[in-house]
Amino acid sequence: MGNADLQSIHVYPVKAFRGIAPRQATVEPWGLAGDRRWVVIDDAGKIVTQREQPRLALAAAEPMPGGGVRLSAPGLDPLTVDVPEPVATVPASVFGTKVEAVPASDAAHDWCTSCLGAEVRLVHMDDPATRRPVDPEYALPGETVSFADGYPLLVTTVASLDALNSLMAEGDHAAEGPLPMNRFRPNVVVAGTEAWAEDQWSRIAVGEVEFRVAKASGRCIVTTVDQDSGVRGREPLRTLARHRKIDGRLLFGQNLVPVSSGIIRVGDPVRVLA
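The structure reproduced in this document is the subject of the present report. (Residues numbered from 1 in each chain as written. Predicted model: local features only at pLDDT ≥ 70, side-chain atom pairs only at ≥ 80, totals over all residues. Heavy atoms only, no water.)

1. Comments concerning the pairing of strand β11 (residues 120-124)
Right, on to step 1. Most of β11 is tucked away, with four of its five residues classed as buried.
Right, on to step 2. Strand direction decides the pairing type here: strand β4 (residues 38-42) and β11, joined by five bridges, are antiparallel. Across the sheet, the residue bridging to Val 39 is Val 123, located in β11.
Right, on to step 3. Pairing analysis gives two bridges linking strand β10 (residues 97-103) to β11, with the strands arranged antiparallel. In the sheet register, Val 102 faces β11, and the bridge partner there is His 124. (Buried < 20%, exposed > 50% of the residue type's maximum accessible area, 1.4 Å probe, protein only. Helix = DSSP H or I, 4+ residues; strand = E, 2+ residues; numbered from the N terminus. Pairing = 2+ DSSP bridges.)

Okay, here's the thing in structure tokens:
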């Protein structure tokens, strides 16, 4: 693979909110430390993401000591939310799977409701080691995940984004591009590969931490949301549908499951093990 390395790390403390880009992160069995341990649910318990509420792209969550978050969004005063005591849980529906979660404070409820203009609650995953298993079709026994879409981490590559943007430039909606990597909301971004090289990976190492490649990532309407404005377009799904449609899914990036734990750092070498 040549001299591939870790270009950037991305953590999303609240699912569907804006992410942060630390220089290093701790890899836990269920994902990066602090990644998607919080999520917003509606009054029926269903998680709310940018699929339903693209304006979530404008909300930010800064991690605080002890696992809390400081919420901010245009037009609202920031709010610091502490990790709630797990004295009671409520069911959250994550793509049809019920996951027990701990509701945050009433102040957090009011803040998120004001942010979205809809009745919602902020909830926290207290124990990612037990609450939600990875899809058994692609998991090994005992593997779990936070509130991420389905797998502990998502990896993308700079070369594949460049290739996709080149394909977009040839298409009908060239004015929408080039797109930045944040459209795909990855956890780790790798530089120094060939385009689409990640399609062939089954096991990789980032620094000293090893990962199993579970499956390719099928992309949804969230990728059409401008993460700076919250406005939807038509790309990259139109171009992915032309060039990256495999078995009915529009593919970009790969889902990872940690094989070991440790710290990854920007600049770490990335090696293909299998």
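What follows continues from the structure just given.
2. Points about the layout of surface pockets
Right, on to step 1. Roughly 720 Å³ of internal volume is contained in the largest pocket.
Right, on to step 2. In terms of lining, the largest pocket is formed by 34 residues, of which the most central are Arg 51, Phe 95, Ala 148, Asp 149 and Gly 150.
Right, on to step 3. Secondary structure elements with two or more residues in the lining of the largest pocket: β12 (153-157), β15 (209-218) and β17 (249-258).
Right, on to step 4. Sort the elements by how many residues they give to the lining of the largest pocket and β15 lands first, with four residues. (1 Å grid on protein atoms, 1.4 Å probe; cavity = no way out; pocket = protein on both sides within 12 Å on 5 of 7 lines; lining within 4 Å. Points joined across faces, edges and corners; volume = space filled by probe spheres on them.)

3. Description of the environment of Pro 128
Right, on to step 1. Mapped onto the secondary structure, Pro 128 falls in the loop between β11 and β12.
Right, on to step 2. Note on Pro 128: relative accessible area 4%, which makes it buried.
Right, on to step 3. In this structure, the C-alpha to C-alpha distance between Pro 128 and Asp 5, residues 123 residues apart in sequence, is 29 Å.

4. Points about the pattern of salt bridges
Right, on to step 1. Counted under the stated rule, the structure contains ten salt bridges.
Right, on to step 2. Close ionic contact of Lys 15 with Asp 149 constitutes a salt bridge, the shortest N to O distance being 2.5 Å. With a gap of 134 residues between them, Lys 15 in the loop between β1 (5-9) and β2 (24-28) and Asp 149 in the loop between β11 and β12 connect regions that are remote in the sequence.
Right, on to step 3. Residue classification places Lys 15 among the buried positions, given a relative accessible area of 5%.
Right, on to step 4. Its relative accessible area of 39% is what places Asp 149 among the partly exposed residues.
Right, on to step 5. A salt bridge links Glu 210 to Arg 203, with the shortest nitrogen-to-oxygen separation between them at 3.3 Å.
Right, on to step 6. Residue class for Glu 210 comes out partly exposed when judged on its relative accessible area of 28%. (Salt bridge = Lys/Arg side-chain N within 4 Å of Asp/Glu carboxyl O.)

5. Description of the environment of Asp 106
Right, on to step 1. With respect to the helices and strands, the residue Asp 106 is situated in helix α1 (residues 106-116).
Right, on to step 2. In this structure, the C-alpha to C-alpha distance between Asp 106 and Leu 140, residues 34 residues apart in sequence, is 38 Å.

6. Some words on the pairing of strand β6 (residues 60-63)
Right, on to step 1. Pairing analysis gives four bridges linking β6 to strand β7 (residues 69-73), with the strands arranged antiparallel. Note on β7: the bridge partner recorded for Ala 60 is Ser 72.
Right, on to step 2. Counted along the chain from β6 to the antiparallel partner β7, the turn is five residues long, and its residue Gly 66 has a positive phi close to 90 degrees.

7. With respect to the nonpolar core
Right, on to step 1. Core analysis: the biggest nonpolar cluster contains 22 residues, and Val 14, Phe 17, Val 40, Leu 71, Val 81, Trp 111 and Leu 122 have the highest contact counts within it.
Right, on to step 2. Of all elements in the fold, only β4, β7, β8 (76-81), α1 and β11 reach the threshold of two or more residues within this core.
Right, on to step 3. Setting aside chain neighbours within four positions, we find Leu 122 in contact with Val 14, Trp 38, Val 39, Val 40, Leu 71, Val 81, Val 102, Pro 103, Ala 104, Ala 108 and Cys 112.
Right, on to step 4. In terms of nonpolar packing, the next biggest core, distinct from the first, is built from 20 residues, Val 11, Ala 25, Val 209 and Ile 264 among them. (Core = buried A, V, L, I, M, F, W, Y, C linked by side-chain atoms within 4.5 Å. Contact = heavy atoms within 4.5 Å.)

Nothing here speaks to function; it is geometry throughout.
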